[in-house]
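Structure assessment
Spelled out from the first residue to the last, the chains are:
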Amino acid sequence: MKPSFFSALLSNLRSLPGALRSGLRPGGDPAPALGQRMRRNFIYHLHVLKVSARTLHPLTTLGLGVITATLFFVLVVTGILLMIYYLPTSRQAYESMQDIQYAVALGGFTRALHRWAAHGMVLVILLHLFRVVFTGSYRRRELNWILGIGLGFCTLGLAFTGYLLPWDQLSFWAVSVSTAMLDNVPLIGGCIKSLLLGGEIVSSATLLRFYTLHVALLPAGLLLFLALHFWRIRKDGGLAASATLPEDAKMFPAWPHLVLREAILVLLVLAVVCLVSAFVKAPLGVPLDFHTPGNPEKAPWYFLWVQEAVSYSSVVGGFVFPGLLLFGLLLLPFLEREDRGVGTWFGPRQCRRAVVVALAASVLAFLVFEALFVTAADGLDPLARDLFNPATGMLVLAVAAFVLGGWLTGSTRGAFLSGFVVMLVAVVGFTVMGLLRGPDWVFYLPGEAWPGGI
Amino acid sequence: MGFDARKDALRLRAGLLLSALALALVFLLVAFRGCRTEWRSHQDAFRELGAVPAGRELGIAQFENCVGEVDRCTTCHLGVTRADLAGEEIPLPFRAHPAPLAHHVKNRVGCSVCHGGTPRALESRTAHAAPGTGRTDPLHRLPHIQASCARCHLPGDRPGMERLKNGARLYLSLGCAICHPLTRGGRGGWDFGTDLRSIGRRSLAYLEASLVDPAANFPQSTMPSFAHTFEKNTEALVDLLIYLESLVLERSGGECNRRTRSQGLAMANCTTCHSGEAGRACGRFEHRCPYILERKDQLDCTRCHPGSMPGPDEHKGFCPVIREHRRGCSACHDGLPEVEGS
Amino acid sequence: MGKRSSKRAAKKKKPTSAGEDQPPGQSTQEEIPAEEAGADAAREASLGPGDPGAEPPSSRRQFLARAGNWTVCACALGAAAGSLRLASPDFFEGPPKRFPLGLPSDFKTGTLTWLQDQQLFVLRDGRGFAAFSSRCTHLGCTVRRTADGFFCPCHGARFDEQGLVVLGPARTPLPWFEVWVESDGRVWVDTGQVVPVGTMISPGGAES
């Protein structure tokens, strides 16, 4: 046994460099194409083999999905890096945040990257949603639409839980205000609120809960949904397109035409978000003061429309309006099943016309509602306030646009597009109004100085 | 539509190279900016003064001050404790601190306890709470720095606090305390004025405007203007401002009660130095009182010393609670039975 | 089967490019482009009609592809280096190295006091004060007092009354630290300054 053992060991040692090369890299000598095949398989699990010229055109999807995925990747990497220093206790959170911001090498940059990528991701998923709605791409993709809504929830949840973690004046009071809006949700609102907060008010327990949600539960959920979302895109045969489109006839291989396009977009997104973060610092507010909230105290921008609507009427703004919006979005692909004009912006011509009319009418109506409400609100008793306010007005208008749009265009697509445009105008309008609010919830023009500033 | 696959592939490869180069460029920029931090350039300037022995590394300097804040000021203010750098010719960030309060440095009082600011920050604008950084803990300058003395000392406890003492007196004599009584929770009755217990966080300009023209900060304010009172006596205005700046009670751990209220004083107390949570004791007091050494977290000095810290002389040898007042353990320690003093 | 033959030809032509395009071990960023980097050469030769790669690749395209892949790899390496820089600490939490031990009268002559929080023994004898560490110089456990010195329960190191090694895995004595009497009357110690074993400071301040 001995001689054979030594000789075997010796020959193995002699062939070690070659064995390392071929063993660690399946693409090496013994099976030349294996590694290549593995990598190819990876890409073709993500993409269909052949795509149309329309898919390759940048304006078809605007690359919003790829941008979102890239930003999420940035958020995971920077989030893990920030976890090295962040301490989720009420006493140390702000201090560790200051350490990251001022004393850790590249800490301020990493924090800015995390912050701006997060805001960017929220913005881009909203645009992604608009793109899918306006091009009718939810058709025959019901499951992926629901998955997308789930992804949106996870993203908003991540953005919102992350908002509290600096534990500064802004984050504490913004989260206090936002979670208080849950009181308007009947039956389950109180339960959700106490589950989230771990008590009656935002406290140390809340910080730990939000941290756990932010670094474990929500990212895990988002990753799961993301994998399913990608899988369904592949399974559903790539981008939604109506069969009548002529340019879909000629097909091109996904490699290199689609994959390299995506790679370039990924690199550009990385470059842009890094460049912004290198120059624009992530704000870190003043230390938390439990006794005195800032004036005004606003929710983060993506919840500002709810806060603004709640300031009109807590029932309508906090429950009916967002609830109906969510309900409509969830049922959209099941109630709207037209194949005509799928994949084109705003559908067939009569739908496009309906969208333009709905847009113009809703902008006008919004301004009128706001003006009426601002002048007359003081005289209204609570019940009248619930009935006559801009949120209710826009809701009624959306329903009217839905019915009228459907009737005039003769298609469910036209109905949903018109209704959605009205809701969108309302949400954007409320957000703008919320941004203009100053101390004591009074309106100020963008350049105008707030009184009593410190 | 004309789509040349070959040309497209070539263009894509060029695009990939260009975008990768752009990303690499951005990374280089980030690395460059990351290396050139403000505090590093200050340390380089200090080195050029010839004040650092060759080969000594500087880096971030930090210590925990007596109220438990991490103080990084000496990362840039490298000569504060160096007697050889006291001259006028030494540039300001590096000059030694004036001599009188040198013992504060030794007792780990650090900079921010008196000067305010954000001692953890290493950017001068944030650290100095410059306007526009959103900081509300401004850097105190002479004579306003007297406001900081109240974090540990009673007015009149030490020389050099005369203006603070006078400000506290004015707060009473001008009747401020009628509307702004500085009591915890006891809102009602007369106190319809703004709660001033943390008013010291506001900027000096804000405080001054509040006295001279209250409506400037608060359009609905019903407070009368005190401009006339201070017209001839601007020094008195400064004194009152110093007192107002000293009112940062949740920071000092101070509390108002009947006694301090009657004196018009809302002073820092034991927990300023023997801060409850962290149990850190400041300077000279720490080794004297066994309770501070052993049971820091449960200590509540204010039960016997309402609103004020006894001077260090009262700490002679043993805790005055036991020695002089003959009070039992539960006077300070929760959960222990009351023992009659013998 | 022209497809297969061209595949073989392409393979023969560029064995090195497939090797060099390999992504580095762990790239923290740009996972997708790195994947593509390696897949590049294979893809050129493996797709059906209409695939530009089926024809022999031009040298210009090959150069662009390789330069792009390497730049992406460089970016990934840069990001990894930046992450490591972020993780390496520039400042250190912890108790101060210079602190007061107490008044001279707090320590009676002929006693050895153990300050648990500071991990220090304070020795007071006829000649004066000294302070030395209670951390074993082997692996940092806290030593225990015995009748004739100190014993480390972790791995059995023994030290004599002055902290010199008697037995066991420890090689260096327990370090003695600089002690002095400050102008405020208290005894101070600097655990950053080690002095020779046996250095005592008299309460008056003189060294002996």
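Counting of residues starts from 1 at the beginning of each chain's written sequence and follows it residue by residue. Chains carry letters and ligands carry numbers; both start at the beginning, A for chains and 1 for ligands, and go up in the order they are written. Two thresholds apply to this predicted model, a pLDDT of at least 70 for residue-level local features and 80 or more for giving and counting side-chain atom pairs, whereas whole-chain, interface and lining totals are computed over all residues. Think of the side-chain values as coming from all heavy atoms in the structure, minus any hydrogens and water.

1. Observations regarding the overall build of chain A
The helix and strand labels rest on DSSP assignments: H or I over at least four residues marks a helix, E over at least two residues marks a strand, and numbering proceeds from the N terminus. Across its full length, chain A holds 19 helices and 2 strands. Judged by the C-alpha coordinates and their principal axes, chain A covers about 105 × 60 × 40 Å. With a 1.4 Å probe rolled over the protein chains alone, any residue whose accessible area is under 20% of its type maximum counts as buried; one over 50% counts as exposed, and the rest are partly exposed. Counting every position in chain A, which comprises 454 residues, the buried fraction comes to 51%. Sequence-distant contacts in chain A: of pairs separated by 6 or more residues, those separated by 24 or more amount to 79%. We call two residues contacting when some pair of their heavy atoms lies within 4.5 Å.

2. Quick word on the interface of chain A and chain B
The interface of chain A with chain B comprises 38 residues on the first partner and 40 residues on the second. As used here, buried area is the combined drop in accessible area, with a 1.4 Å probe, of two parts when they are placed together. A buried area of about 3500 Å², summed over both sides, lies between chain A and chain B, and 66% of it is on carbon and sulfur atoms. For this document, the term salt bridge refers to a Lys or Arg side-chain nitrogen within 4 Å of an Asp or Glu carboxyl oxygen. Counting the contacts that link chain A with chain B gives 5 salt bridges. Residue Arg261(A) is joined to Asp8(B) by a salt bridge in which the shortest nitrogen-to-oxygen separation is 3.0 Å. Polar contact is defined as a pair of N or O atoms within 3.5 Å, subject to the rule that within protein one atom must be able to donate a hydrogen and the other to accept it, and that residues adjacent in sequence are counted only when both atoms are side-chain atoms. The tally of links from chain A across to chain B stands at 7 residue pairs in polar contact (both at pLDDT 80 or more). Listing elements by their share of the side of chain A that touches chain B, those giving two or more residues are helix H4 (53–56), helix H7 (93–103) and helix H13 (254–279) of chain A. No other element matches the 15 residues that H13(A) contributes to the side of chain A that touches chain B.

3. A look at the side chain of Lys298(A)
Residue and element names in this part refer to chain A. With respect to the helices, strands and loops of the structure, lysine 298 is situated in the loop between H13 and helix H14 (304–312). Of the polar contacts made by the side chain of lysine 298, one reaches the backbone oxygen of leucine 435; its length is 3.0 Å. Discounting chain neighbours no more than four positions away, the residues touching lysine 298 are Ala174, Leu304, Gln307, Gly434, Leu435, Leu436, Arg437 and Trp441.

4. A closer look at the domain arrangement of chain A
Residues and elements named next belong to chain A. You can read the domains of chain A as domain 1 (47–239 + 246–294) and domain 2 (310–449). Counting from both sides, the interface comprises 23 residues of domain 1 and, opposite them, 26 residues of domain 2. When the two sides are added together, the surface that domain 1 and domain 2 hide from each other amounts to roughly 2200 Å², 70% of it contributed by carbon and sulfur. By the criterion of area lost to domain 2, the three top residues of domain 1 are Phe134, Tyr138 and Arg139, representing 31% of everything that side buries. Reported domain spans reflect what an automatic or database domain assignment gives.

5. Let's talk about the packing of helix H9 (residues 204–212) of chain B against helix H11 (residues 234–245) of chain B
Residue and element names in this part refer to chain B. Lines fitted to the C-alpha atoms define the axes, with helices restricted to the stretch that makes contact. Angles between their N-to-C directions range from 0 to 180 degrees. As a packed pair, H9 and H11 sit with axes 10 Å apart at the nearest point and diverge in direction by 120 degrees. In terms of orientation, H9 lies oblique with respect to H11. In this structure, the crossing between H9 and H11 has a hand that is right-handed. Every residue of H11 that contacts H9 at Leu204, Leu207, Glu208 and Leu211 is listed here: Leu237, Leu240, Leu241, Leu244 and Glu245. Side-chain classes follow a simple rule in which Ala, Val, Leu, Ile, Met, Phe, Trp, Tyr, Cys and Pro form the nonpolar group, Asp, Glu, Lys and Arg form the charged group, and the remainder, Gly included, forms the polar group. Among the residues making up the contact of H9 with H11, the classes are represented as 7 nonpolar, no polar and 2 charged. Oblique is the label for every angle not falling under 35 degrees (roughly parallel), over 145 degrees (roughly antiparallel), or within 65 to 115 degrees (roughly perpendicular). Whether a crossing is left-handed or right-handed is set by the direction in which the near helix is turned from the far one by less than a right angle, anticlockwise for left-handed and clockwise for right-handed.

6. Some remarks on the sheet that holds strand E10 (residues 187–195) of chain C
Residue and element names in this part refer to chain C. Judged by pairing direction, the sheet is antiparallel, and its 6 strands sit side by side in the order E1-E10-E9-E4-E3-E2 without closing on themselves. Each end of this open sheet is capped by a strand with a single partner; those strands are strand E1 (98–102) and strand E2 (111–115). Each strand axis lies, on average, 30 degrees off the axis of its neighbour in the sheet, ignoring direction. A pair of strands counts as paired when DSSP detects no fewer than two bridges linking them. Direction of pairing for E1 relative to E10: antiparallel, over a ladder of 4 bridges. Bridge assignment links phenylalanine 99 to a residue of E10, and that residue is valine 189.

7. Quick notes on the pairing of E10(C)
Residue and element names in this part refer to chain C. Where strand E9 (residues 176–181) meets E10, 6 bridges bridge the pair, whose relative direction is antiparallel. Within E10, the residue paired with valine 181 across the bridge is valine 187. Taking the residues that link successive antiparallel strands as the turn, the E9-E10 hairpin has 5 residues, and the phi of glycine 185 there is positive, at about 90 degrees.

8. Digging into the packing of aromatic side chains
Any two rings among Phe, Tyr and Trp, with Trp reduced to its six-membered ring, count as a pair given centres within 6.5 Å; such a pair is stacked if its planes are under 30 degrees apart, edge-to-face if over 60, and tilted if neither. The full count for this structure, using the stated rule, is 28 aromatic pairs over all chains. Summarising the aromatic geometry, the rings of Phe121(C) and Phe132(C) are spaced 5.6 Å apart at their centres and angled 40 degrees between planes, so their arrangement reads as tilted. Taken together, the residues Phe121(C) in strand E3 (residues 120–125) and Phe132(C) in strand E4 (residues 128–133) connect sequence positions 11 residues apart. Taking the relative accessible area as the measure of exposure, Phe121(C) reaches 2% and is therefore buried. The structure contains a cluster of three or more aromatic residues connected by ring pairs, namely Trp305(A), Tyr312(A), Phe321(A), Phe366(A), Phe373(A) and Phe430(A). Two conditions define a charge sitting above a ring: the NZ of Lys or the CZ of Arg must be within 6 Å of the ring centre, and it must be within 35 degrees of the ring normal. The aromatic ring of Trp231(A) is capped on one face by Arg232(A), whose charged end is 5.0 Å from the ring centroid. When the ring centre of Phe91(C) is taken as reference, the NZ or CZ atom of Arg72(B) above it lies at 4.5 Å.

9. Describing the sheet that holds strand E6 (residues 149–151) of chain C
Residues and elements named next belong to chain C. Taken in spatial order, the 4 strands line up as E5-E6-E7-E8 in an open sheet, and their pairing is antiparallel. In this open sheet, the two strands that pair with only one neighbour each are strand E5 (144–146) and strand E8 (165–167). The pairing of E5 with E6 spans 3 bridges and is antiparallel. Its bridge partner lying in E6, threonine 146 is registered against glycine 149.

10. Observations concerning the nonpolar core
Residues and elements named next belong to chain A. One finds Leu71, Tyr86 and Trp167 to be the most contacted residues of the largest nonpolar core, which totals 98 residues. It is H13 that provides the largest number of residues to this core, a total of 15 residues. Apart from residues no more than four positions distant in its own chain, tyrosine 86 is found in contact with Ala93, Ser96, Met97, Ile100, Leu165, Leu207 and Tyr211. If you look at the next biggest cluster of nonpolar residues, it comprises 39 residues, including Val132, Leu325, Ala398 and Met423. Buried Ala, Val, Leu, Ile, Met, Phe, Trp, Tyr and Cys residues form a nonpolar core when they are joined through side-chain atoms within 4.5 Å.

11. What to know about the state of the cysteines
We call a pair of cysteine sulfur atoms a disulfide whenever their separation is within 2.5 Å. All told, the structure shown has 1 disulfide over all chains when counted by the stated rule. The partner cysteine of Cys141(C) in its disulfide is Cys154(C), sulfur to sulfur 1.9 Å. Here the S-S torsion is close to -95 degrees, and the disulfide linking Cys141(C) with Cys154(C) is therefore left-handed. Of this pair, Cys141(C) sits in the loop between E4 and E5 while Cys154(C) sits in the loop between E6 and strand E7 (158–159), and the two are 13 residues apart along the sequence. With relative accessibility at 19%, the residue Cys141(C) sits in the buried group. The thiol sulfur of Cys274(A) is not disulfide-bonded, and the nearest other cysteine sulfur, from Cys75(C), lies at 9.3 Å. Looking at the unpaired Cys111(B), the closest cysteine sulfur is the one in Cys73(B), lying at 4.0 Å.

12. Quick look at the confidence of the model for chain A
This prediction gives chain A a mean pLDDT of 88; 93% of its residues lie at or above 70. Confidence of the prediction at every residue is given by pLDDT, a number between 0 and 100. When mean pLDDT is compared element by element in chain A, helix H6 (residues 64–83) of chain A scores highest at 96, while helix H3 (residues 34–46) of chain A scores lowest at 73.

13. Comments concerning the packing of helix H15 (residues 314–335) of chain A against helix H18 (residues 390–409) of chain A
How two helices sit against one another is set out by the angle between their axes and by the gap between those axes. Residue and element names in this part refer to chain A. Relative orientation of the contacting elements H15 and H18 amounts to 20 degrees, with a least axis distance of 10 Å. Looking at the two axes, H15 sits roughly parallel to H18. Between H15 and H18 lies a crossing whose hand is left-handed. Residues Val316, Val320, Phe321 and Leu324 of H15 pack against Ala391, Thr392, Met394 and Leu395 of H18. Here the residues of the contact of H15 with H18 sort into 7 nonpolar, 1 polar and no charged.

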